[in-house]
Amino acid sequence: MKKRGRHLICFPAKMAKMEVKTSLLDNMIGVGDMVLLEPLNEDSFINNLRKRFDHNEVYTYIGSVVISINPYRSLPIYTPEKVEEYRNRNFYELSPHIFALSDEAYRSLRDQDKDQCILITGESGAGKTEASKLVMSYVAAVCGKGAEVNQVKEQLLQSNPVLEAFGNAKTVRNDNSSRFGKYMDIEFDFKGDPLGGVISNYLLEKSRVVKQPRGERNFHIFYQILSGASEDFLCSLKLERDFSRYNYLGLDSAKVNGVDDAANFRTVRNAMQIVGFMDHETQSVFEVVAAVLKLGNIEFKPESRVNGLDESKIKDKNELKEICELTGIDQSVLERAFSFRTVEAKQEKVSTTLNVAQAYYARDALAKNLYSRLFSWLVTRINESIKAQTKVRKKVMGVLDIYGFEIFEDNSFEQFIINYCNEKLQQIFIELTLKEEQEEYIREGIEWTHIEYFNNAIICDLIENNQTGILAMLDEECLRPGTVTDDTFLEKLNQVCATHQHFESRMSKCSRFLNDTSLPHSCFRIQHYAGKVMYQVEGFVDKNNDLLYRDLSQAMWKASHSLIKALFPEGNPAKINLKRPPTAGSQFKASVATLMKNLQTKNPNYIRCIKPNDKKAAHVFNDALVCHQIRYLGLLENVRVRRAGYAFRQAYEPCLERYKMLCKQTWPHWRGPARDGVKVLFNELKIPEEEFSFGRSKIFIRNPRTLFKLEDLRKQRLEDLATLIEKIYRGWKCRTRFLLMKKSQIVIASWYRRYAQQKKYQKIKSSAIIVQSYIRGWKARKLLRELKHQKRCNEAATIIAAYWHGTQARRELKRLKEEARRKHAVAVIWAYWLGLKVRREYRKFFRANAGRKIYEFTLQRLMQKYFLEMKNKMPSLSPIDKNWPARPYLFLDSTHKELKRIFHLWRCKKYRDQFTDQQKLIYEEKLEASELFKDKKALYPASVGQPFQGAYLEISKNPKYKKLKDAVDEKIIIAEVVNKINRANGKATSRIFLLTKNNVLLADQKSGNIKSEVPLGDVTKVSMSSQNDGFFAVHLKEGSGAAGKGDFLLSSDHLIEMATKLYRTTLSQTKQKLNIEISDEFLVQFRQDKVCVKFIQGSQKNGNIPTCKRKNNRLLEVAVP
Ligand SMILES: Nc1ncnc2c1ncn2[C@@H]1O[C@H](COP(=O)(O)OP(=O)(O)OP(=O)(O)O)[C@@H](O)[C@H]1O
Ligand SMILES: [Mg+2]
């Protein structure tokens, strides 16, 4: 909506919301351009400014000049949205704004290749520095983008905080007052992208370093360091955090409301880093700042010398020592420089001592010089970083933020210099404004009318004239031999400038001021273009000389601190220059001249800053203060100059565009050239001819009244038009609505019809499909039937054919078989016949030997086959394996049996061979037992699996049987517990049964006492039953020693083993076979009686244990279960 040239269609109610500005004239508060002010006088001017100020409109134009009133509060008019609003818009298109001026300057730089300068003037605190920053940030926002460009922008913007920290201070007028002049050239390439910049600085107010007026502060950086630096950093700079420790820091306003020095310190360090300061450079800079601060703490005391002269001595050398440590200067050198002054005349050096006042002067001069040189070094260093890196042709936009006109109670050399600079700027302003005005008239072919205005060239001449100018006088005085004081300088002025219109002094030859008591004798007054200023002449000579004793500069040069050394090149004894350095005044004059030259080559853009009050307060507009500024800035004159010919001018196109609705011929469109359109328009409106003039591209309107009349007519017409538009719009809206409804009705009807037809069609379609499907079904079934019939016919034919083929084939097969059989029969008969024939023929040869050979061969083959098969069928090597393969041929029967026998013997041998001698013995015993008891005693089979152990009782190991063991000295073959049967009742008693090589022993089981001992030779027989019991009787030889008690009837679990061992031992000892009788009834000799022991089949009452019972005197019955 905000695009130019677009028509505004809005209704009164919505007007405010949909406001679209196409001209500065829209919704103006007061007048946006003072040129349109009617009537034009001081009061109306101030009233207009106040009215606008009260409505937060801080910017007002005078033609292309922007007046800016410091709002002293942040207004929401610098947002990125505002930047976008003003971007690429014509200057008068929107309400006055600093962005409009910035945009205009930037675009004519970029598009018309015109170098620009933006001159910002105004008194201290009027907002110059803020304005310059706003211009820079606007340009940064609208110019090109990209990593490299952004870095350049950032460096340019970040140079501000650094310079402000070192060059700004709190004054009574401004909490952030720039104490130096700054001119910055921003360089752009052909596309309008920033390439870099160059900063020039002017006259830093260095006297502030050593002394500040009441209520003011030293430069910000001192307070920032002490508040914001870390303890370590402060320690490295040998500083303490306490402001009161430093004489150079004014204490009464060390803290500024709303200023956070500590945070600002961090901002400054960060900015230094972004600008490109190396860490060691930053460190050096702060070391110099610390040294300056500490210099102020050096104090002197008088010391009288013999020759009556006063000499100064440093009171406390501690501070001096620390300064020397910080800066790397030899302490004695610096101390001497504070005590002596060496003057070189005609190649002779003369040293004079300094008194206390001189020493203090030297100290302060050093501090001031050190600081101001550091500041200039900072500017050079920043320039090094921000300078454009390419050599291509650059377009330049200069921004000048220089101290404004200053009128204090006590005005000194600094104010004189500053005001001189402002005079020069005013002059260039007048020249360029008038020149431009004049040029525009010529360009547009309008007749030039002379304009009356005050030209301040005469004041400039009073100050800068090379022969009679005040600065020239001052220089002359400073260079003159002999005693020179400020008074002699004033005298000289009084002589030379006495007649000058703008110079006033009590002492001048001109009697005009002789009685002017407001003018003290030690002062002179200049009528500047901005007002009269009275200057105190005191200090002019000294400040102009700006002397630093050579001893001090030499001492500084000797420092090992590289930055300090570089700041004092004149201290190098090798480069001693006896020529006096240029005075401060002449230096400034030269730099102002260079600046003016520079500005003259550029297209100027002015921002005139005005301070609304002295209290730094928002919403306060002090008429008197503003009036004063308006006067000295010459703003009214500015308007008059601008209005001298014509108050308002505008290009034809925007003019026609704005007012074309006022005339039927031009509304709504004018087809011809815009100039003719405007002519028709003005004729139609009957505007008197003397009120306007037609230029080449612009219409010039003489009186603002005419313009306002046009504006009123336009407003009226706009309202009419709005009503018309509203009417048409309403009609259009209703008609559109009606048409829309009609269209909708048609659409709905058509949709419904379509729907109904669709339904009907669907119904017909589905019926058709049903009928169709029935017919298709009937046709399909008919076809199927036919096909089935055809198929059946085909199948029948195939079957018949198959049967017929089968019959044929079988017949053929039969025939072929018959034929084959016949052929085979013929072949067999033929073979038999041939065989018969051959046999008959060969019989006689065959009978002789072939039959035998065949028999032998066959036999051999069979044998071979038998043995080979046997090899594979061999049974296992176990001797008890009874398997043996079946005999294949009858004729091999005997061979087969023999082979079986041989194989068995062989495998038995194999088996035996693996036994040890002991095993063999055991097997021999087992064999013996087998021969004795196999198939004779039922107990035998159970004993086969039991190994024969013999010594079941371990006599030798049991201490109980020690006596028994000692009694038996032979090898024990059997030691076993047996039951001895009592013949009286058949009960059993346990006895140890021992068999040795020669004897059989029975011993008591508990005590081990031997009860009976029978030599083997006395054992005649052993009897036992054939049943499964362990009873046995040992029969003794009658008449032998042992036989007295009778035979032993015993029972044992190991009967078979005992009997076998007894048999074998007896055999080996007596060489007689022991008689072993197996019978179920035998007689046993008990002393004199013989008792029959009879074994019967008993019940299993007591399990498997046989029981023995005495039946009568002659019979013991043993029941074996
Ligand atoms: N456009 C603005 N909006 C808000 N505050 C402003 C604006 N311009 C100036 N100020 C306020 O006024 C103060 C003084 O402004 P500034 O430092 O720009 O003055 P100056 O003209 O540079 O003074 P000096 O000549 O002493 O350097 C600023 O610190 C700021 O608080
Ligand atoms: Mg400033």
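Report on the accompanying structure. Throughout this document, residue positions are counted from 1 along each chain, in the order its sequence is written. Each chain takes a letter, starting from A, and each ligand takes a number, starting from 1, following the order in which they are written. With the structure being a predicted model, the display of local features is reserved for residues of pLDDT at least 70 and the display and counting of side-chain atom pairs for 80 or more, all residues being used for whole-chain, interface and lining totals. Excluding hydrogens and water, the side-chain values take into account all heavy atoms of the structure.

1. Some thoughts on the overall build of the chain
Going along the chain from the N terminus, every DSSP run of H or I of four or more residues is numbered as a helix, and every run of E of two or more is numbered as a strand. Scanning the chain for helices and strands turns up 30 helices and 31 strands. Only C-alpha atoms enter the radius of gyration; for comparison, a globular chain is expected to reach 2.2 Å times N to the power 0.38, where N is the number of residues. A globule of 1121 residues ought to have a C-alpha radius of gyration of about 32 Å, yet the chain, at 73 Å, is considerably larger. When its C-alpha atoms are laid out on the principal axes, the chain stretches across 200 × 130 × 80 Å. The buried label applies to any residue whose accessible area, calculated with a 1.4 Å probe on protein chains only, is under 20% of its type's maximum; exposed applies above 50%, and partly exposed to all values in between. Buried positions account for 46% of the 1121 residues belonging to the chain. In short, Shrake-Rupley with a 1.4 Å probe defines the accessible areas, and a residue's cover is counted only from the protein chains shown. In the structure as shown, the chain presents an accessible area of about 60900 Å², 53% of it carried by carbon and sulfur atoms. Charge assignment in this entry is limited to Lys and Arg as positive and Asp and Glu as negative, and neither His nor the chain termini are counted. Positions of charges follow a simple convention, taking NZ of Lys, CZ of Arg, CG of Asp or CD of Glu. Distance between charge centres in the chain, computed from 184 positive and 133 negative side chains, equals 19 Å.

2. A closer look at the environment of Asn369
Position of Asn369 relative to the elements: it lies in helix α12 (residues 356-386). Sequence separation of Asn369 and Asp546 is 177 residues, and the distance between their C-alpha atoms is 8.7 Å. When residues no more than four places from it in sequence are discounted, the contact partners of Asn369 are Lys206, Asp546, Leu548 and Phe568. When checking whether two residues touch, look at their non-hydrogen atoms; a contact exists if any pair is within 4.5 Å.

3. Some thoughts on empty space enclosed by the protein
Grid spacing is 1 Å over the protein atoms alone, the probe is 1.4 Å, and a cavity is where that probe fits but cannot get out, while a pocket is an open set with protein on both sides within 12 Å along at least five of seven lines and lining residues have an atom within 4 Å of a point. Grid points are joined across faces, edges and corners, and a volume is the space filled by probe spheres set on the points. Under the definition given, this model contains 10 cavities of 30 Å³ or more. Its volume calculated, the largest cavity comes out at about 120 Å³. Forming the walls of the largest cavity are Ile62, Ser64, Val65, Leu432, Thr433, Glu436, Glu437, Pro604, Tyr606, Asn638 and Arg642. Within the residue set of the lining of the largest cavity, elements represented by two or more residues are α13 (413-444), β16 (603-610) and α22 (635-643). With 4 residues, the single largest contributor to the lining of the largest cavity is α13. Residues that form the lining of the largest cavity fall into these classes: 5 nonpolar, 3 polar and 3 charged. Note on residue classes: Ala, Val, Leu, Ile, Met, Phe, Trp, Tyr, Cys and Pro are nonpolar, Asp, Glu, Lys and Arg are charged, and everything else, Gly too, is polar.

4. Overview of the side chain of Asn160
Among the structural elements, Asn160 can be located in helix α5 (residues 147-167). Look at Asn160 and you get buried, because its relative accessible area is 8%. Beyond its immediate stretch of four places on either side in the chain, Asn160 contacts Lys133, Met136 and Lys182.

5. Details of the sheet that holds strand β24 (residues 1019-1024)
Working definition: the strands of a sheet are paired by backbone hydrogen bonds and lie parallel or antiparallel to each other. A pair of strands is labelled paired if DSSP reports no fewer than 2 bridges between them. Strand order in the open sheet formed by 8 strands is β23-β22-β21-β20-β26-β25-β24-β27, and the pairing between neighbours is mixed. In the strand order of this sheet, the two ends are held by β23 (1010-1015) and β27 (1075-1078), each with one partner. Pairs of neighbouring strands in the sheet enclose a mean axial angle of 30°, with direction left out of account. Relative to strand β25 (residues 1031-1036), β24 runs antiparallel, the two being bridged by 5 bridges. In the sheet register, Lys1021 faces β25, and the bridge partner there is His1035. Axis definition: a line fit to C-alpha positions, over the contact stretch in the case of helices; interaxial angles, taken between N-to-C directions, run 0 to 180 degrees. Helix α30 (residues 1055-1070) contacts β20 (972-981), β21 (988-996), β22 (999-1004), β24, β25 and β27 of the sheet and is inclined by roughly 125° relative to β20.

6. Some thoughts on the site of ligand 1
Whether a residue is near a molecule or strand depends on its heavy atoms: if one lies within 4 Å, it is near. Near ligand 1, the surroundings consist of 17 residues, among which Ser124, Lys128, Thr129, Ser177 and Ser178 are the closest. Compared with its free state, where it exposes 620 Å², ligand 1 has 86% of that area covered by protein. Counting only elements with at least two residues in the shell around ligand 1, the list comes to α4 (128-142) and β5 (177-178). For the shell around ligand 1, the element with the highest residue contribution is α4, accounting for 3 residues. Its residues placed into classes, the shell around ligand 1 shows 4 nonpolar, 9 polar and 4 charged.

7. Looking at the pattern of salt bridges
Salt bridges are counted wherever a side-chain nitrogen of Lys or Arg sits within 4 Å of a carboxyl oxygen of Asp or Glu. For the structure shown, the criterion picks out 67 salt bridges. Where Lys897 meets Asp893, a salt bridge forms, and the shortest distance between an N and an O atom there is 3.6 Å. Residue Lys897 and its partner Asp893 are both found in helix α26 (residues 893-913); the two are separated by 4 residues, about one turn of the helix. For Lys897, a relative accessible area of 57% gives the class exposed. Asp893 sits in the partly exposed class, given a relative accessible area of 27%. Through salt bridges with shared partners, a single ionic network connects Glu240, Arg245, Lys294, Glu319 and Glu322.

8. Considering the coordination of the magnesium ion (ligand 2)
Taken together, Thr129 (OG1) and Ser178 (OG) make up the protein donors of the magnesium ion (ligand 2), found 1.8 to 2.0 Å from the metal. Residue Thr129 is located in helix α4, and its partner Ser178 is located in strand β5; the two are separated by 49 residues in the primary sequence. Judged by its relative accessible area of 15%, Ser178 falls in the buried class. Donor selection uses N, O and S atoms within 2.8 Å of the metal (3.2 Å for Na, K and Ca). Since no water is included, sites may look incomplete.

9. Here's the deal with the pairing of strand β26 (residues 1048-1051)
Residues Phe1048 and Leu1050 line one face of β26 and the alternating positions Leu1049 and Ser1051 line the opposite face, and both faces are buried. Examined bridge by bridge, β25 and β26 share 4 bridges and lie antiparallel to one another. Looking at β26, one finds that Ala1033 is bridged to Leu1049.

10. Concerning the packing of helix α15 (residues 470-479) against helix α16 (residues 486-496)
Between α15 and α16, the least distance of the axes is 10 Å, while the angle of their chain directions is 140°. By the angle between their directions, the pair α15 and α16 is classed as oblique. You can see that α15 and α16 cross each other, and the crossing is right-handed. Within the contact between the two elements, α15 uses Ile470, Met473, Leu474, Glu476 and Glu477 and α16 uses Thr488, Phe489, Lys492, Leu493 and Val496. Residues belonging to the contact of α15 with α16 are distributed by class as follows: 6 nonpolar, 1 polar and 3 charged. An angle below 35 degrees is treated as roughly parallel, one above 145 as roughly antiparallel, one from 65 to 115 as roughly perpendicular, and anything else as oblique. Crossing handedness follows the turn of the near helix against the far one: under a right angle anticlockwise gives a left-handed crossing, and clockwise gives a right-handed one.

11. Here's the deal with helix α21 (residues 623-633)
Taken together, the buried positions of α21 are occupied by Leu625, Val626, Cys627, Gln629, Ile630, Tyr632 and Leu633. Tucked into the core, α21 has its buried residues touching α1 (42-54), β3 (116-122), α13, β15 (531-536), β16 and α22. In protein, a polar contact requires one atom able to donate a hydrogen and another able to accept it; more generally it is a pair of N or O atoms within 3.5 Å, and residues adjacent in sequence count only if both atoms are side-chain atoms. With a side-chain oxygen lying 3.1 Å from the backbone nitrogen of Ala624, the N-terminal cap of α21 falls on Asn622. Trailing α21 by a residue or two, Gly634 shows a phi angle of about 65°, which is positive.

12. Quick notes on the sheet that holds strand β14 (residues 523-528)
Read from one edge of the open sheet, 3 strands run β13-β14-β15, paired in antiparallel fashion. Unpaired on one side and paired on the other, β13 (503-504) and β15 mark the two borders of the sheet. Two elements, β13 and β14, share 2 bridges in a ladder whose sense is antiparallel. In the sheet register, Phe503 faces β14, and the bridge partner there is Ile526. The strands touched by α16 are β13 and β14; relative to β14, the strand with the most contacts, the crossing angle is about 45°.

13. Brief notes about the packing of aromatic side chains
Each aromatic ring pair is described using two quantities: the centre-to-centre distance and the angle formed by the ring planes. The pairing test for Phe, Tyr and Trp rings, Trp by its six-membered ring, is centres within 6.5 Å, and the orientation test on the planes gives stacked under 30 degrees, edge-to-face over 60, and tilted for anything in between. With the rule as written, the count across this model stands at 41 aromatic pairs. On the numbers, 5.4 Å between centres and 80° between planes, the contact of Tyr223 with Phe243 is edge-to-face. Highlighted residues: Tyr223 in helix α6 (residues 220-228) and Phe243 in the loop between α7 (231-236) and α8 (261-275), separated in sequence by 20 residues. Phe243 sits in the buried class, given a relative accessible area of 13%. Measuring from centroid to centroid gives 5.8 Å for Phe233 and Phe286, while their planes differ by 90°, and the two rings are edge-to-face. Note that Phe233 is positioned in helix α7 and Phe286 in helix α9 (residues 279-295), a separation of 53 residues in sequence.

14. Looking at a nonpolar patch on the surface
Patches in this entry comprise residues that are over 30% relatively accessible and not in a salt bridge; like charges within 9 Å are linked, as are nonpolar side chains (Val, Leu, Ile, Met, Phe, Trp, Tyr) within 5 Å. Taken together, Trp830, Trp833 and Leu834 make up a surface patch of nonpolar side chains, about 330 Å² in accessible area. With respect to the secondary-structure elements, Trp830 resides in helix α25 (residues 704-873).

15. Some thoughts on the side chain of Gln650
Following the sequence through the fold, Gln650 ends up in strand β17 (residues 648-651). Gln650 has contacts with Cys655, Tyr659, Ser697, Lys698 and Ile699, leaving out every residue within four places of it along the chain.

16. Brief notes about the nonpolar core
We define a nonpolar core as any set of buried Ala, Val, Leu, Ile, Met, Phe, Trp, Tyr and Cys residues linked to one another through side-chain atoms lying within 4.5 Å. Within the largest apolar cluster, 211 residues are counted, with the highest numbers of intra-cluster contacts made by Phe45, Phe166, Ile225 and Phe524. Here this core gets 14 residues from one element, more than from any other, and that element is α12.

17. Overview of α8
Under the convention used throughout, the expected extent of a helix is 1.5 Å for every residue step, that is, one less than its residue count. With 15 residues, α8 extends 20 Å between its outermost C-alpha atoms, agreeing within 8% with the 21 Å of an ideal straight helix rising 1.5 Å per residue. Those residues of α8 lying buried are Asp261, Ala262, Phe265, Val268, Ala271, Met272 and Val275. On its buried face, α8 sits against α5, α6, α7, α9 and α12. At the N-terminal boundary of α8, the capping side chain belongs to Asp260, with an oxygen 3.2 Å from the backbone nitrogen of Ala262.

18. Notes on a positive patch on the surface
A contiguous patch of positive charge, built from Arg776, Lys779, Arg781, Lys782 and Arg785, is present on the exposed surface. According to the relative accessible area criterion, Arg776 is exposed, its value standing at 54%.

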